[in-house]
Amino acid sequence: MNKRKAFNNKKGFTLVEMIVVIVILGILLAIMVPQLIKYVDKAKAVQCRADVSYIMKEYQIEALEKDPGNAEAACDLLESIVLEHNGKLKKKGEIFNGGIYSDVCTSKGLYTCTFDYSYKSVTVTCSEHDEEQIEIKKLADVLGKLDFTDILNFPHKNLNDYFKNGRTSINSEALSTGGYGSYGSLAKVIEAKLQEQGINMAGRSWRMDKEGDTYNLFLTDSQKITTEMEGNRVACTQYDIKNNKVIHGTIEISTEKKEKEVYPILVGTSFVPDKE
């Protein structure tokens, strides 16, 4: 009898106590897990930079020794280096048409390897850790998801809806008549939407061309263009979303006339990349 009493007097956790412990653990996990993920991502980025550096240095060392005389030889040489570094080659292409892509990045990023004309050096970028690659991926995603349905009586649902009637481009300074409310033009709507998504459009002029199912964006680096600047060239960045490239260069300014108003435009065909 005494043993039974002693057994019955042993205290355990109550349901309330267990719930409190679970809640506390949940709070701690909610705080710690995001920080842990950031730490892991940072470690992967560091490893990626080390891999990129390794590939570039090893290629240059072997290239100087073997001196590949053509694009195919250089391509084969880099392939052997990437595979030696535990990489699994996903695509092998012409050097001057996209380079070589490999999934050796620990974050499953695609490495793009670009050679110079002497085959004595190589530039490697990662789609997950190269800032410009991240920027163009974000821009492509934002443009693809632009939605104008929240604007009352707006004439277009999205960018595809605007371009479906044979239109091929939009210029930031282009004038519009009606249907755009307080925005004044479709260009201003696009600017506002991109700015909302963290794309820096402030104080910059731009031109967007439709390229098949995607877009080609020219964005001035630091200034708005005016009609007085016609014939001049300004520093500009091209976001070639179709080919996943960010290209720095200059572009010419021209003007167009709509009814009695004249406005400045960027001439897409005049874009000249900077020399490496």
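Values in this document were obtained by computation on a predicted structure and should not be read as measured data.

Attention now moves to the pairing of strand β9 (residues 245–258). Bridge analysis of strand β8 (residues 233–240) against β9 gives eight bridges, and the strand direction is antiparallel. Bridge pairing in β9 links Cys236 to Gly249. Taking the residues that link successive antiparallel strands as the turn, the β8-β9 hairpin has four residues, and the phi of Asn244 there is positive, at about 55 degrees. Bridge analysis of β9 against strand β10 (residues 261–273) gives nine bridges, and the strand direction is antiparallel.

What follows deals with the nonpolar core. If you look at the biggest cluster of nonpolar residues, it comprises 27 residues, and the most contacted ones within it are Leu143, Leu159, Ile170, Ile190 and Trp206. Among the secondary structure elements, those contributing two or more residues to this core are α4 (131–145), α5 (159–163), α6 (186–196), β6 (206–211) and β7 (214–220). Apart from residues no more than four positions distant in its own chain, Ile170 is found in contact with Leu159, Tyr162, Phe163, Leu186, Ala187, Ile190, Trp206, Arg207 and Met208. Leu78, Val82, Val104 and Val124 belong to the second largest nonpolar core, which has 15 residues in total.

Now for the confidence of the model for the chain. Confidence in the prediction of the chain, expressed as mean pLDDT, is 77, and 78% of residues score 70 or more. The lowest-confidence element of the chain is helix α1 (residues 2–8), averaging 54 in pLDDT; the highest-confidence one is β8, averaging 91.

This part takes up the environment of Met229. Counting through the fold element by element, Met229 comes out in the loop between β7 and β8. C-alpha separation for the pair Met229 and Ile265, spaced 36 residues apart in sequence, amounts to 10.0 Å. Beyond its immediate sequence surroundings of up to four residues, Met229 is in contact with Gln223, Lys224, Val234 and Ile253.

Time to look at the packing of aromatic side chains. Taken as a whole and assessed by the stated rule, the structure comprises three aromatic pairs. Ring plane angle 40 degrees and centroid distance 5.8 Å describe the contact between Phe163 and Tyr215, whose orientation is recorded as tilted. Here Phe163, found in helix α5, pairs with Tyr215, found in strand β7; they are 52 residues apart in sequence, far enough to count as distant. By the burial criterion, Phe163 is buried, and Tyr215 matches it. Ring geometry for Phe218 against Phe271: centres 5.5 Å apart, planes inclined by 55 degrees, an arrangement best described as tilted. Here Phe218 is found in strand β7, whereas its partner Phe271 is found in strand β10, with 53 residues between them in sequence. Taken together, Tyr162, Phe163 and Tyr215 form an aromatic cluster joined through their ring pairs.

Moving on: the pattern of salt bridges. Inspection of every chain in the model, using the stated rule, returns five salt bridges. When the shortest N-O distance is used, the salt bridge between Asp161 and Lys164 registers 2.9 Å. Of the residues examined, Lys164 reaches a relative accessible area of 58% and is grouped as exposed. Notably, a salt bridge pairs Arg207 with Asp209, separated by 3.0 Å at the nearest N-O pair. Each member of the pair, Arg207 as well as Asp209, is classed as buried.

About the criteria used
Residues numbered from 1 in each chain as written. Predicted model: local features only at pLDDT ≥ 70, side-chain atom pairs only at ≥ 80, totals over all residues. Heavy atoms only, no water. Pairing = 2+ DSSP bridges. Helix = DSSP H or I, 4+ residues; strand = E, 2+ residues; numbered from the N terminus. Core = buried A, V, L, I, M, F, W, Y, C linked by side-chain atoms within 4.5 Å. Buried < 20%, exposed > 50% of the residue type's maximum accessible area, 1.4 Å probe, protein only. Contact = heavy atoms within 4.5 Å. pLDDT = per-residue confidence, 0-100. Phe/Tyr/Trp six-rings, centres within 6.5 Å; stacked < 30°, edge-to-face > 60°. Salt bridge = Lys/Arg side-chain N within 4 Å of Asp/Glu carboxyl O.

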